[in-house]
Amino acid sequence: MSESLTSIFNTTPENSDKIKPAMIHPLWLRLTHWVNALAVLILISSGWRIYNASPLFGFSFPNDITLGGWLGGALDWHFAAMWILAANGLIYLLFNGVSRRFWHKFSPLSPRAVWSDIKAALRSRLSHAEASQYNSVQKAAYLFVVLDLVLLVLSGLVLWKSVQFSTLAFLLGGYETARYVHFCSMAFLLGFIAIHLLMVLLVPRSLLTMIRGR
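Only a predicted model underlies this, so the values are computations on that prediction, with no experimental measurement involved.

Counting secondary structure elements, the chain contains 10 helices and zero strands. Element order for the chain, N to C, with α for helix and β for strand: α-α-α-α-α-α-α-α-α-α. Relative to its full complement of 214 residues, the chain shows a buried share of 33%. Partitioning the contacts of the chain with sequence separation of at least 6, the portion at a separation of at least 24 is 65%. When the accessible surface of the chain is totalled, it reaches about 13,900 Å², and 70% of it is carbon and sulfur.

Written out as structure tokens, the structure is:
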């Protein structure tokens, strides 16, 4: 009788750990993720309006999916979101570096491992059982998008202040080349977002962990 009562009312930390799932995404990561998502949404939609004012290619974006209403308004939205993205990105990189999360989450990584996981994904054999662990494809994709965002910001600085950032403009091949770099970086980012959303649809639990942390 006493053993039964003990088992019922036992609320020691050891037992509670078994019931409560482990933390997968800390609060700082979830906050920077959603701030980044909002900033990117504003940057892309306002950037399309800016692009329409001086297209690089033989097409323009429908005004209904752009932000700003006119060129001046789009620039205001774009610059505001640029500072949010840059500040948020620095916080993200700082916390990742201090906590050593980069090393724990993204290593080891090799081209062979990425190719192996791509083949497994094409055969629908890529496991998503452990949400706290990234497979090689996820590691490569997340590292790629971090580098792509850095290139997006750097090329954006050239377009914003080409004289003040003349050295950076030279490294990117000049102002006009920087425009193409900026556009292509945006296109790559859109590609990542499309694949990212597809993965969320296939594994809805990943969205819950980014909201709740567990």
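Next comes the rest of the write-up.
Right, let's talk about the nonpolar core for a bit. Among the nonpolar cores identified, the biggest contains 19 residues, and Met186 and Leu189 are the most heavily contacted of them. When residues of this core are traced back to their parent elements, those giving at least two are α3 (27-53), α4 (71-99), α7 (136-160) and α9 (175-202). The dominant element in this core, judged by the number of residues it contributes, is α3, at seven residues. Among residues more than four places away in sequence, those in contact with Leu189 are Val40, Ile44, Val145, Asp148, Leu149 and Leu152. Counting seven residues, the second largest nonpolar core, distinct from the first, contains Trp28, Phe102, Phe106 and Tyr134.

Here we come to the UniProt feature "transmembrane region" (unreviewed entry) in the chain. As annotated by UniProt and renumbered to match this structure, "transmembrane region" (unreviewed entry) occupies residues 27-51, 77-95, 140-160 and 180-204. Structurally, residues 27-51 is divided into 100% helix and 0% strand, and its ends, taken at the C-alpha atoms, are 36 Å apart. Summarising residues 140-160: 100% helix, 0% strand, and an end-to-end C-alpha distance of 30 Å.

We now examine the confidence of the model for the chain. Across the chain, the average pLDDT comes to 83, with 86% of residues at or above 70. The low-confidence segment residues 1-17 (pLDDT under 50) makes one contact with residues lying over four places distant or belonging to another chain.

Where α3 contacts α9, the two axes come as close as 12 Å, and the packing angle between them is 130 degrees. Here α9 runs oblique to α3, going by the angle between their axes. Of the two possible hands of crossing, α3 and α9 adopt the one that is left-handed. Contact with α3, carried on its side by His33, Val40, Ile44, Trp48 and Tyr51, involves Phe183, Met186, Leu189, Leu190, Ile193 and His196 of α9 and no other residues of that element. Of the residues in the contact of α3 with α9, the class split is nine nonpolar, two polar and no charged.

Bringing the pattern of salt bridges into the picture now. What the rule picks out here adds up to one salt bridge. We note a salt bridge from Arg179 to Glu176, for which the minimum N-O separation is 3.8 Å. Here Arg179 pairs with Glu176, and both are found in helix α9, just three residues apart, close to one helical turn. Look at Glu176 and you get partly exposed, because its relative accessible area is 46%.

Each value, and the rule that gives it
- Residues numbered from 1 in each chain as written.
- Predicted model: local features only at pLDDT ≥ 70, side-chain atom pairs only at ≥ 80, totals over all residues.
- Heavy atoms only, no water.
- Helix = DSSP H or I, 4+ residues; strand = E, 2+ residues; numbered from the N terminus.
- Buried < 20%, exposed > 50% of the residue type's maximum accessible area, 1.4 Å probe, protein only.
- Contact = heavy atoms within 4.5 Å.
- Areas by Shrake-Rupley, 256 points an atom, 1.4 Å probe, with all protein chains shown as cover.
- Core = buried A, V, L, I, M, F, W, Y, C linked by side-chain atoms within 4.5 Å.
- UniProt positions renumbered as here; feature names shortened; annotations may be inferred.
- pLDDT = per-residue confidence, 0-100.
- Axes fitted to C-alpha atoms, helices over the stretch in contact; angles between N-to-C directions.
- Parallel < 35°, antiparallel > 145°, perpendicular 65-115°, else oblique.
- Left-handed = near helix turned anticlockwise from the far one by under 90°.
- Nonpolar A, V, L, I, M, F, W, Y, C, P; charged D, E, K, R; others polar.
- Salt bridge = Lys/Arg side-chain N within 4 Å of Asp/Glu carboxyl O.

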